[in-house]
Amino acid sequence: MKKQLTLVITLMMGLSLSACASSQEVPTANSSTSTETSTEGNIITLVSTQAGSTADSVLGKGTSKFEELLEEYSNGQIQVESYYDTELGGIDSQLEAVMTGSIDICCLGPSYLSGYVPEIQVFDLPFIFDNYDQINATLDGDPGQYIASKFEGSGVKLMTYFHSGLRSITNSSRQINNVEDVKGIKIRVAPSETQLATWEGFGAIPMAMASSETFTALQQGTIDAQENGLTYIYSSKMYEAQKYLSLTKHSYTSMPVIMNQNKWDSLTPQQQEWVQKAMTDAAAWQRQATADAEDQIVNDIEAYGLQVNRNPDRESFKPHTQAAYDVFNKAMGSDEILTMVQNYVSTLK
């Protein structure tokens with residue numbers, strides 16, 4: 001059944017992308033080509049995908065936890081058909097499929113959503129957060145809810161935020177202790193203007209690149225470095241092509257979980273309650289799992305042979321963040337959103 005469903009979804013995504021290729025408008029709920037909810041008797045089946053992450057990653061396990069909890073909370077009335085990484089196509093095509101309704105739920109990086117809701121990149125800006133307590137409170141508080149409200153009318157509903165984690169640097173050139181050490185290093189960054197500005201501000205040579213291309217680029221010497229959350233560095237084995245790890249924790253990356261709005265609206269209030277509770281509880285589990293895994297990951301990477309700097313001079317980077325802030329504020333038309341988040345975080349310190 002799963003193979004047949006994969007084929008159907010792949011074909012629908014191809015048709016959807018062809019239809020939308022000539023338009024730059026954001027698909028709306030009214031224009032969605034959402035499919036009917038799959039049912040077997042009274043059982044509702046939702047198609048969910050963890051875009052870009054494998055089933056055995058912490059993100060993938062978060063998706064599995066959602067599947068498990070939703071079946072429990074609904075007493076089996078709602079089940080989840082989970083897919084991972086690129087089983088249902090590239091990340092862009094999976095996003096398009098959620099917009100049009102051929103996939104119901106998707107977890108993916110914020111840079112892919114920034115074309116629809118650019119405000120979501122505020123959480124990615126450098127040195128906004130110091131720790132996970134601040135992050136969780138902000139995502140679940142007013143700033144996170146405000147960003148979620150910006151998706152209204154886009155055709156999708158932002159359900160919650162998983163963690164990709166606080167980001168650190170690996171490289172093959174030299175150990176990084178302060179901002180001077182990154183000057184001239186060719187580093188892979190996510191395809192985001194704020195990410196490019198961040199690393200240009202630090203003095204590095206940023207190169208926007210898909211995550212799927214990064215490992216090969218490191219092996220071939222096209223780039224010297226990459227920066228990511230520790231769980232991703234470990235699950236994707238980036239350390240196998242690197243010599244140094246520095247725990248700079250220079251920025252954070254959320255992993256928003258979105259659901260097709262038409263599919264959400266088709267559920268009864270009771271069913272919506274089950275879905276939202278399962279999603280919220282799965283997010284809490286996944287966030288804690290991310291934090292819990294990091295110390296062991298650092299030890300494992302060090303045992304593999306990388307030189308690890310556990311206490312780099314984070315303060316040396318902070319005076320060089322303005323370029324990224326300026327790019328974000330210019331895109332927003334003011335500094336209102338950044339200031340809102342900074343003020344909220346300051347109340348948590």
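Structure first, text after, so check above.
Draft legend 1. Molecular detail of the pairing of strand S10 (residues 252-260). With respect to burial, S10 is a largely interior element, nine of its nine residues being buried. A two-sided burial pattern is seen for S10, the buried positions comprising Tyr252, Ser254, Pro256, Ile258 and Asn260 on one face and Thr253, Met255, Val257 and Met259 on the other. Pairing of strand S4 (residues 105-107) with S10, which is carried by three bridges, proceeds in the antiparallel orientation. Directly across from Ile105, in S10, lies its bridge partner Met259. Looking at chain direction, strand S5 (residues 156-171) and S10 are connected through nine bridges and run antiparallel. Bridge pairing links Leu166 to Tyr252 in S10.

Draft legend 2. Highlighting the side chain of Thr194. The residue Thr194 is located in helix H6 (residues 193-202) in this model. Side chain to side chain, Thr194 and Gln121 meet in a polar contact 3.3 Å long. The contacts of Thr194, once residues within four sequence positions are left out, are Gln121, Leu125, Ala324, Val327 and Phe328.

Draft legend 3. Region of the structure containing unusual backbone geometry. One non-glycine residue, Asp85, lies in positive phi territory at about 55°. Tracing the chain through its elements places Asp85 in strand S3 (residues 78-85). Given a relative accessible area of 28%, Asp85 falls into the partly exposed group. Look at Phe127: it is not a glycine, yet its phi comes out positive at around 55°. Along the polypeptide, Phe127 turns up in the loop between S4 and helix H4 (132-140).

Draft legend 4. Seen up close, the nonpolar core. Residues Leu108, Val122, Phe123, Leu125, Ile128, Phe151 and Ile258 are the most contacted members of the largest nonpolar core, which totals 41 residues. Residue assignment for this core shows that the elements contributing at least two residues are strand S2 (43-51), helix H3 (91-100), H4, helix H5 (142-149), S5, S10, helix H11 (322-332) and helix H12 (336-346). Counting residues per element, this core draws most heavily on H3, which supplies five residues. Not counting chain neighbours up to four residues away, the residues in contact with Ile128 comprise Val122, Gln134, Tyr325, Leu338, Val341, Gln342 and Val345. Formed by 23 residues, the second largest nonpolar core is a distinct cluster that contains Leu69, Trp264, Trp274 and Ala283.

Draft legend 5. Molecular detail of the pattern of salt bridges. Applying the stated rule across the entire model yields nine salt bridges. Glu68 is paired through a salt bridge with Lys65; the nearest N and O atoms lie 3.4 Å apart. Taken together, the positions of Glu68 and Lys65, both in helix H2 (residues 58-73) and three residues apart, correspond to about one turn of that helix. Looking at Lys65, the relative accessible area reads 17%, which means it is buried. Between Asp140 and Arg287 there is a salt bridge, with the nearest N and O atoms lying 2.9 Å from each other. One end of the pair, Asp140, is in helix H4; the other, Arg287, is in helix H10 (residues 269-304), and 147 residues separate them in sequence. Looking at Arg287, the relative accessible area reads 6%, which means it is buried.

Reading the values: the criteria
Residues numbered from 1 in each chain as written. Predicted model: local features only at pLDDT ≥ 70, side-chain atom pairs only at ≥ 80, totals over all residues. Heavy atoms only, no water. Buried < 20%, exposed > 50% of the residue type's maximum accessible area, 1.4 Å probe, protein only. Helix = DSSP H or I, 4+ residues; strand = E, 2+ residues; numbered from the N terminus. Pairing = 2+ DSSP bridges. Polar contact = N/O pair within 3.5 Å; in protein donor to acceptor, adjacent residues only side chain to side chain. Contact = heavy atoms within 4.5 Å. Core = buried A, V, L, I, M, F, W, Y, C linked by side-chain atoms within 4.5 Å. Salt bridge = Lys/Arg side-chain N within 4 Å of Asp/Glu carboxyl O.

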